[in-house]
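Remarks on the overall topology
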Amino acid sequence: MTQVTTLPEWQALKALARTDGTMHLRDLFAGNANRFAECSRCELDILFDYSRQRVTPAIMQALMKLAEARGLRTHIDAMFNGDIINTTEQRAVLHTALRASADRIVYVNGKDVMPEVRDNLQRMHKFVDGVHTGSIQGATGKHFTDIVNIGIGGSDLGIVMATEALARFRNHNITLRCVSNIDGSQLADVLEKVDAERTLFIVCSKTFTTIETLSNARLARQWVVDRLGDGAVAKHFAAVSTNHKAMDEFLITPQNRFTMWDWVGGRYSMWSAVGLSIALAVGMDNFNFLLEGAHAMDEHFRTAPFDSNLPVLMGMLGIWNHNFLNMDSLAVLPYDQRLHRLPAYLQQLEMESNGKRVTIDGTPLEYESGAVLWGEPGSNAQHSFFQLLHQGTARVALDFIAPVNASSEFQGQQNLALANCFAQAQAFALGYNEADVHAELHVRGMDDATIKKLTPHKIHPGNRPSSLILFARLGPKTLGKLIALYEHKVFVQSVIWDINAFDQWGVELGKKMAEKLAPAVENPQSAKVDPAVQGLLGYVSKWRR
Ligand code: F6P
């Protein structure tokens, strides 16, 4: 593809950034009483309000033209059709097939993958029911009450995010705990709390080679063997992976194995058997609702015209903010504590997907690709980093996300959360200018000299761009829609930037170096390593008890 910067559509946006893009949101709102109606779309019961983005009709038109010029529609079709769009790994990208309707046929290399997808879902259903009813039991005949998911990255983040988000729907006879980190403390904390006889471990790893997961899983297996004997492994371990040989070696019995496919990327895999732990925690019906929600968003993305297509709008607004208004990062601010792990989930989705420095054909990029994504639940964030967002020098775009109805029984509290969410969005957009400050301080009876001194400190420049995503209530269907919305937004941006959103070579180098260094850390005295690391190993020797 031609470098995007050479396209007339990109140049038109550059010109607009110097004109319309310098307008203040205060003026944009003041000049158009219909701005909210014109700059918001409600699709699939999700309101996407972008009236606080620094855009004009001319900018929106130019963004849509850029999407057309980049052949976005053709790229969307290629993904849904199972074309090999992950070219560096020669793979199709079909997380959408995992949530497709029962009658759908999806070919990968000439084979319809849907029968296997459906079969896996049925097996998951049976397994979940077996655990819930107690027909699947531990080695001593006891029902499972605790599930421990051992996995990392895409084999952990979606599970944690979704089960926290859907806490209202949890099966109260089952407690799900997740172990991802390698340092051992998470595993230790979990093992301290569970009873071996009633605990089922799910080793979740697409490759079954990930050191964090395998080292934790081996420790957990030893812990089970120590308490219940060798024979218990078959009953107390299940696994989700593409790697059957490794599952054999780990002694996972065939009935406790769930497969995945190389056409599902780790960070897009919560819809596959990776979601087994989600289904065990909230029930298979709710897992199916999650898939239904995501499928509805897939269909919307595939068919809706660009100017009312939520992922397209969101993706193109991100391009505008990042490439033309130079916003370096995106803060995701959910006003619902249940979504507290959403920013962490989106970090992997967005930054592992679009954190790339070359185009699909390997040419270095002449423009910015993926932005840094970060965030915290809204109200907590207000009392920590919002100061910087309002008055600091960093350039940050914002996504506010909120349900109207509480995820708890305390609707009054959610009303307060919503009031805060709306107020912050307004404050970021409109700011508080010199005249506002003067008026306030005069009313408070302050003298002119003090007002003059205080004014620069009290000014909020505003014009901080944000989108607001509002929905009625957080449930499995809505969560499915929300996550698929972000997935497709990431795809839209990757098409504009002409990068591969589905590989992740950047995580390999550090992994390989860690493998080499592991024996040196174990045995620092005899290690022959880089002088910089040698220095550190000196302290390891000195301080390790
Ligand atoms: O961090 C790299 C990565 O490959 C992620 O893409 C993936 O989600 C994670 O490791 C875990 O991989 P696996 O599921 O194969 O253990």
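Residues numbered from 1 in each chain as written. Predicted model: local features only at pLDDT ≥ 70, side-chain atom pairs only at ≥ 80, totals over all residues. Heavy atoms only, no water.

1. Points about the side chain of T210
- Inspection of the secondary structure puts T210 in the loop between β7 (199-204) and α9 (211-228).
- A polar contact is formed between the side chain of T210 and the side chain of T207, at a distance of 3.3 Å.
- Ignoring sequence-local partners within four residues, the contact set of T210 consists of I152 and S205. (Helix = DSSP H or I, 4+ residues; strand = E, 2+ residues; numbered from the N terminus. Polar contact = N/O pair within 3.5 Å; in protein donor to acceptor, adjacent residues only side chain to side chain. Contact = heavy atoms within 4.5 Å.)

2. Notes on the packing of aromatic side chains
- Counted according to the given criterion, the structure contains 20 aromatic pairs.
- For the pair F208 and F250, a centre-to-centre distance of 5.9 Å together with 80 degrees between the ring planes defines the contact as edge-to-face. Taken together, the positions of F208 in the loop between β7 and α9 and F250 in the loop between α11 (244-249) and β9 (257-259) put the pair 42 residues apart, joining distant regions of the chain.
- Look at F250 and you get buried, because its relative accessible area is 4%.
- Arranged with centres 5.3 Å apart and planes meeting at 65 degrees, the rings of F386 and F428 form a pair that is edge-to-face. Here F386 is found in helix α17 (residues 386-391), whereas its partner F428 is found in helix α18 (residues 411-430), with 42 residues between them in sequence. Comparing F386 with F428 shows no difference in burial state: the two are buried.
- Grouping aromatic residues by their ring pairs yields a cluster made of Y335, W374, F385, F386, F400 and F428.
- Positioned above the aromatic ring of F250, the side-chain terminus of R221 is 4.2 Å from the ring centre. (Phe/Tyr/Trp six-rings, centres within 6.5 Å; stacked < 30°, edge-to-face > 60°. Buried < 20%, exposed > 50% of the residue type's maximum accessible area, 1.4 Å probe, protein only. Lys NZ or Arg CZ within 6 Å of the ring centre and 35° of its normal.)

3. Structural notes on helix α7 (residues 157-165)
- Counted residue by residue, α7 has eight buried out of nine residues, so it is predominantly covered.
- Of the residues making up α7, those classed as buried are L157, G158, I159, V160, M161, A162, T163 and A165.
- Looking at the packing, one finds that the buried side of α7 touches β5 (146-150), β6 (175-179), β7, α12 (276-282), α15 (342-354) and α21 (476-497).

4. A short note on the sheet that holds β6
- Strand order across the open sheet formed by five strands is β6-β5-β7-β8-β9, with parallel pairing between neighbours. The open sheet has two edge strands, β6 and β9, and neither has a second partner. Strand-to-strand twist across the sheet, computed as the mean angle between neighbouring axes with direction ignored, equals 20 degrees.
- Across three bridges, the pairing between strand β8 (residues 237-241) and β9 is parallel. Each residue of the ladder has a partner; that of S241, found in β9, is T259.
- The sheet strands contacting helix α8 (residues 185-193) are β5, β6 and β7, and the helix crosses β6 at an angle near 155 degrees.
- Lying over the sheet, α9 contacts β5, β6, β7 and β8, oriented at roughly 155 degrees with respect to β7. (Pairing = 2+ DSSP bridges. Axes fitted to C-alpha atoms, helices over the stretch in contact; angles between N-to-C directions.)

5. Concerning the pairing of strand β2 (residues 46-49)
- Burial of the side chains of β2 extends over both faces: I46 and F48 are buried on one face and L47 and D49 on the other.
- Looking at chain direction, strand β1 (residues 40-43) and β2 are connected through four bridges and run antiparallel. Residue pairing across strands places S40 opposite D49, the latter belonging to β2.
- What sits between the antiparallel neighbours β1 and β2 is a turn of two residues, in which L44 has the positive phi angle 55 degrees.
- The pairing of β2 with strand β13 (residues 466-471) spans four bridges and is antiparallel. Bridging across to β13, D49 finds its partner in L468.

6. A look at the domain arrangement of the protein chain
- Segmentation of the protein chain into domains returns domain 1 (4-69 + 304-497), domain 2 (104-288) and domain 3 (508-543).
- Here domain 2 and domain 3 have C-alpha centroids that lie 33 Å from each other. (Domains from an automatic or database assignment.)

7. A few points about the sheet that holds strand β11 (residues 372-375)
- Taking strand neighbours across the sheet as the criterion, the six strands line up as β1-β2-β13-β12-β10-β11 in an open arrangement whose pairing is mixed. The sheet is open, and its two borders are formed by β1 and β11, each paired with just one other strand. In this sheet, adjacent strand axes meet at a mean angle of 15 degrees when their direction is disregarded.
- As paired elements, strand β10 (residues 329-334) and β11 share four bridges and run parallel to each other. Of the residues in β11, the one forming a bridge with V332 is G375.
- Relative to β2, helix α14 (residues 310-324) is tilted by about 25 degrees, and along the sheet it contacts β1, β2, β12 (396-403) and β13.
- This element, α18, spans β12 and β13 of the sheet and lies at about 155 degrees to β12.

8. A few points about the site of the ligand
- With respect to spatial proximity, 14 residues lie near the ligand, and among them G154, S155, S205, T207 and T210 are the closest.
- Taking G154, its main chain carries an N or O atom lying 2.7 Å from an oxygen atom of the ligand.
- Taking E352, its side chain carries an N or O atom lying 2.7 Å from an oxygen atom of the ligand.
- Contact with the protein chains removes 87% of the 390 Å² of surface that the ligand exposes when unbound.
- Residues belonging to the shell around the ligand are distributed by class as follows: two nonpolar, nine polar and three charged. (Near = heavy atom within 4 Å. Areas by Shrake-Rupley, 256 points an atom, 1.4 Å probe, with all protein chains shown as cover. Nonpolar A, V, L, I, M, F, W, Y, C, P; charged D, E, K, R; others polar.)

9. A short note on the environment of E434
- Within the element layout of this structure, E434 appears in helix α19 (residues 434-443).
- Classification of E434 as partly exposed rests on a relative accessible area of 46%.
- Spatially, the C-alpha atoms of E434 and K458 are 8.3 Å apart, while their sequence positions differ by 24 residues.
- Sequence-distant contacts of E434, defined by excluding residues within four places in its chain, comprise T455 and I459.

10. Quick notes on the nonpolar core
- Formed by 122 residues in total, the largest nonpolar core has its most connected members in W263, W320, I469 and L479.
- Two domains each donate at least three residues to this core, and these are domain 1 (4-69 + 304-497) and domain 2 (104-288).
- Not counting residues up to four positions away in its chain, the partners in contact with L479 are M161, A162, A165, L166, L290, L339 and L474.
- In terms of nonpolar packing, the next biggest core, distinct from the first, is built from 25 residues, A196, F201, A232 and M247 among them. (Core = buried A, V, L, I, M, F, W, Y, C linked by side-chain atoms within 4.5 Å.)

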